[in-house]
Amino acid sequence: ERTMGKERFGITLHPFGRSHTLRSMTDEPVALYRAGCEAAAESAVKAYVASRFGSSTWDIAVVRGTRAIAEGGGRSFSLGDAAGMVQSSRAVEGTMSVTLAPWSRFKDRLSKSMRDNLAYYPRKLSREVGDWRLVTARTPDEIAHAVESLIALHRRRSRSNRGIPHWDHIAGNVEEAFLRAWMQRMAARHQASIVMLEIRGAIVAAQAFLEAPGCVSVYYSGYDERWYDYSPLTIITAEMIKNAAERNVGRMDF
């Protein structure tokens, strides 16, 4: 970007896809392709990217896709015809999937440290705090109430200085409205749930899950950082794994 409209006054580097400093845009646009058309869509995107060099204000493009993985996972890097233009492509990692099994067998496959943690945190919570329970919302009415806790706790987690930093994905009214309506529609199809940790009558952590035939996927989450030392999301995720295995769900996607 030419700063202040002047060629040599200064150059500012912005994420790909951002027009200028006063108009924000995601730094990595996401496209949804019709199943069976992925290769044609990828070719169309690459052709469009190539056609824009020389006529647009940007001169670097990175194209990601699964095809690079099929070709061996290497990273290609080539200079284009236009001076200073660089086009690169790189493989994108897929979702981390875990094959589920009955709880006793599933635990046996985990590392010793993870098995210890799964037993340690619930005991620590009971010993130091007292009574607690996990509450699962599944129906549209239950989800309607639970999603409010999820939104509030997700924001608290994003502002927390403890643990790994997390983005606030429910940043405003538009995101809130979408999440409320969409989660209820998913609940009506029996494809959504929100598992919450309740301590002393207050919801202190929440994790949303989405379901498709044979698979449950981890979705947005949040917690009150005052309970960080009890690893509430570990307790919740373990409960969902147990529940999914009991229902013969074969896979969990993270």
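Since the model is a prediction, treat every value here as computed from it, not as a measurement.

**Observations concerning the overall build of the chain**
Step number 1: Scanning the chain for helices and strands turns up seven helices and nine strands.
Step number 2: Buried positions account for 32% of the 254 residues belonging to the chain.
Step number 3: Within the chain, contacts between residues separated by at least 24 positions form 60% of all contacts whose residues are at least 6 apart in sequence.
Step number 4: When the accessible surface of the chain is totalled, it reaches about 16,400 Å², and 53% of it is carbon and sulfur.

**Focus: the sheet that holds strand β8 (residues 215–223)**
Strand pairing in a sheet takes place through backbone hydrogen bonds and is either antiparallel or parallel in direction.
Step number 1: If you trace the six strands from one edge of the open sheet to the other, you get β4-β9-β8-β7-β6-β5, paired in mixed fashion. Edge positions in the sheet fall to β4 (97–99) and β5 (132–137), since each has one partner strand and no second. For this sheet, the mean inter-axis angle between neighbouring strands, taken without regard to orientation, is 25 degrees.
Step number 2: In this structure, β5 lies alongside strand β6 (residues 192–199), joined through six bridges in antiparallel fashion. Following the sheet pairing, A137 is matched in β6 by I194.
Step number 3: Across the face of the sheet, helix α5 (residues 140–159) comes into contact with β5, β6, β7 (202–212) and β8 while running at roughly 60 degrees to β8.

**Some details on the packing of α5 against helix α6 (residues 173–188)**
Step number 1: For the pair α5 and α6, the least separation of the axes is 9 Å and the interaxial angle reads 140 degrees. In terms of their interaxial angle, α5 and α6 are classed as oblique. As for how α5 packs across α6, the hand of that crossing is right-handed. Touching P140, I143, A144, V147, E148, L150, I151 and R155 of α5 are E176, L179, R180, M183, Q184, A187 and A188, all from α6.

**Some remarks on the pairing of β8**
Step number 1: The pairing of β7 with β8 spans seven bridges and is antiparallel. Opposite L210, over in β8, you have S217 as the bridge partner.
Step number 2: From the end of β7 to the start of β8, which pair antiparallel, there are two residues, and G214 there has a positive phi angle of about 80 degrees.
Step number 3: Direction of pairing for β8 relative to strand β9 (residues 251–253): parallel, over a ladder of three bridges. Paired with S217 across the two strands is D253, which belongs to β9.
Step number 4: Running through helix α7 (residues 232–246), the crossover from β8 to the neighbouring parallel element β9 is right-handed.

**So, the packing of helix α4 (residues 112–128) against α7**
Any two packed helices are characterised by how steeply their axes cross, that is the angle between the axes, and by the distance between the axes.
Step number 1: Put simply, α4 and α7 touch, their axes get as near as 10 Å, and they point 115 degrees apart. The hand of the α4/α7 crossing is left-handed. Along the contact surface, α4 presents L118, Y121, P122 and L125, while α7 presents T234, I235 and A238.

Scoring rules and cut-offs
- Residues numbered from 1 in each chain as written.
- Predicted model: local features only at pLDDT ≥ 70, side-chain atom pairs only at ≥ 80, totals over all residues.
- Heavy atoms only, no water.
- Helix = DSSP H or I, 4+ residues; strand = E, 2+ residues; numbered from the N terminus.
- Buried < 20%, exposed > 50% of the residue type's maximum accessible area, 1.4 Å probe, protein only.
- Contact = heavy atoms within 4.5 Å.
- Areas by Shrake-Rupley, 256 points an atom, 1.4 Å probe, with all protein chains shown as cover.
- Pairing = 2+ DSSP bridges.
- Axes fitted to C-alpha atoms, helices over the stretch in contact; angles between N-to-C directions.
- Parallel < 35°, antiparallel > 145°, perpendicular 65-115°, else oblique.
- Left-handed = near helix turned anticlockwise from the far one by under 90°.
- Right-handed = clockwise from strand over helix to strand, strands pointing away.

Interpretation in functional terms is not warranted from these geometric data alone.
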